[in-house]
Amino acid sequence: MLSRTSRQLTYLTAGFYAVLGAALYLLPGQMAPVFAWNISPFVAMTIGGWCLGNAFLAGISARRWVWRLVYPSLIYLWLFGLFETGVVIAFADKLRLAHPIAWFYLAALGINLTAAAAGAIDFIRLRPGRDPFGPQSPPFFTGGVIAFVTAVGFLGLYGIIAQIGWPATGGEIFPEPMSLFTLRSFGVFYFALALSAFSLLFDRNMLAWLHHSFAAYGLIVAITAAAFVYIRLFDFAARPGGLLYIGAYLIVGVPFLFLFRRYGTGLGPADQFEPPLPAKE
């Protein structure tokens, strides 16, 4: 497995994202005007949801800390920090750094990048294996991953390359127009999710699949809740595309509850990595 230093940095990343996410999520109206760039309260709460989801993902992955179990979640976390930092650099001239929340956002990305660098060095140095363990995932798991990677990867790439005025950038799906800074931030977030899920296609390790799904579930819950808090911004009659934004999270999120109930959420390092499968009905 990766080193103790990498694990401690992952815990620290979780802590920074938890504090940042709580501020943005609970006080979006106050934080939006003073954030690192120009955003609305809904966007502030949504980014707060990303951060709270990242905190849960990083925390539970550091707690379980077995590479062959948590590697997809670590890949997502590392890519998120790398990609979002790239967006910040690309739009450095748009940054507003007068308020501590802006600096805290940059600090969280910095800690995230440090954890990613330490983890990458450990991976190169230690070459942790992904040896088969536990049950293999059934075929419908693989089909679900392919569908997720295709859909979310497309959204990510579109957010990375789209220009203002392109379809879906003016409030047709997300209920508010986005700046390029915000659009790129959304795009790389989705692209990091897609790439981390793509890594699961190279083995059929059901426990790694379940762990990653459970670790990322905080993102689904927090982002969906933010959408319902700001449901007044959606005009489903005039802009029915808003149903896609909320519906996509519900379509993914609700079935996972039944999968977790049936198959579990992956195992921690103290377990034997061979949980009994539920009896066939």
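Residues numbered from 1 in each chain as written. Predicted model: local features only at pLDDT ≥ 70, side-chain atom pairs only at ≥ 80, totals over all residues. Heavy atoms only, no water.

Any chance you could explain a nonpolar patch on the surface here in plain terms?
On the surface, F228, I231, L250, V254, L257 and F258 cluster together to form a nonpolar patch covering roughly 550 Å² of accessible area. Per element, the largest residue contribution to the nonpolar patch is four residues, and it comes from helix 10 (residues 242-263). Within the secondary structure, L257 sits in helix 10. (Patch = residues over 30% accessible without salt bridge, like charges linked within 9 Å, V, L, I, M, F, W, Y side chains within 5 Å. Areas by Shrake-Rupley, 256 points an atom, 1.4 Å probe, with all protein chains shown as cover. Salt bridge = Lys/Arg side-chain N within 4 Å of Asp/Glu carboxyl O. Helix = DSSP H or I, 4+ residues; strand = E, 2+ residues; numbered from the N terminus.)

Any chance you could explain helix 7 (residues 180-198) here in plain terms?
Within an α-helix, residues lying three or four positions from one another point in the same direction, as the helix has 3.6 residues per turn. Compared with the 27 Å implied by 1.5 Å per residue over 19 residues, the 26 Å span of helix 7 between its first and last C-alpha is a close match. Buried residues dominate helix 7, accounting for 15 of its 19 residues. (Expected span 1.5 Å × (residues − 1). Buried < 20%, exposed > 50% of the residue type's maximum accessible area, 1.4 Å probe, protein only.)

Before we go on, may I ask you to explain the packing of helix 3 (residues 41-64) against helix 4 (residues 67-90) in this structure?
When two helices pack together, their arrangement is given by the angle between the helix axes and by the axis-to-axis distance. At a minimum axis separation of 10 Å, helix 3 and helix 4 run at an interaxial angle of 140 degrees. Here helix 4 runs oblique to helix 3, going by the angle between their axes. Read as a crossing pair, helix 3 and helix 4 show a hand that is left-handed. Contacts between helix 3 and helix 4 involve W50, N54, L57, A58, S61 and R64 on the former and, on the latter, L69, V70, S73, L74, Y76, L77, F80 and E84. (Axes fitted to C-alpha atoms, helices over the stretch in contact; angles between N-to-C directions. Parallel < 35°, antiparallel > 145°, perpendicular 65-115°, else oblique. Left-handed = near helix turned anticlockwise from the far one by under 90°. Contact = heavy atoms within 4.5 Å.)

When you look at the side chain of S185 in this model, what are you seeing that I'm missing?
Examined against the element boundaries, S185 turns out to sit in helix 7. Judged by its relative accessible area of 1%, S185 is buried. Leaving out residues up to four positions away in the same chain, S185 has contacts with W37, W50, E84 and V87.

What is the right way to read the packing of aromatic side chains from this model?
When we look at a pair of aromatic rings, we describe it by the centre distance and by the angle of the planes. Taken as a whole and judged by the stated rule, the model has 38 aromatic pairs. Judged by centre distance (5.1 Å) and plane angle (70 degrees), the ring pair of F35 and Y105 falls under edge-to-face. Pair noted here: F35 is in the loop between helix 2 (28-31) and helix 3 and Y105 is in helix 5 (residues 100-126), with a separation of 70 residues, a long-range link. Taken individually, F35 and Y105 each receive the classification buried, so the pair is uniform in this respect. Aromatic pair F214 and F260: ring centres 5.6 Å apart, planes at 85 degrees, arrangement edge-to-face. Of this pair, F214 sits in helix 8 (residues 206-215) while F260 is found in helix 10, placing the two residues 46 residues apart along the sequence. (Phe/Tyr/Trp six-rings, centres within 6.5 Å; stacked < 30°, edge-to-face > 60°.)

Can you help me understand unusual backbone geometry in this one?
Apart from glycine, the bulk of residues carry a negative phi angle, and the bulk of peptide bonds sit in the trans form. Here W65, not a glycine, exhibits a phi torsion of approximately 45 degrees, which is positive. Mapped onto the secondary structure, W65 falls in the loop between helix 3 and helix 4. Residue W65 is classed as buried on the basis of its relative accessible area of 8%. Residue A168 is not a glycine yet carries a positive backbone phi of 75 degrees. Its place among the elements puts A168 in the loop between helix 6 (139-161) and helix 7. Residue A168 is classed as partly exposed on the basis of its relative accessible area of 30%.

Explanation requested: helix 4 in the structure shown.
Taking 1.5 Å of rise per residue, 24 residues should cover 34 Å, and helix 4 covers 32 Å from first to last C-alpha, within 8% of that figure. Within helix 4, the axis deviates most sharply at S73, by approximately 35 degrees. Within helix 4, 17 of the 24 residues are buried, which leaves the element mostly enclosed by the surrounding structure. (Bend = angle between axes of the 7 residues up to and from the residue.)

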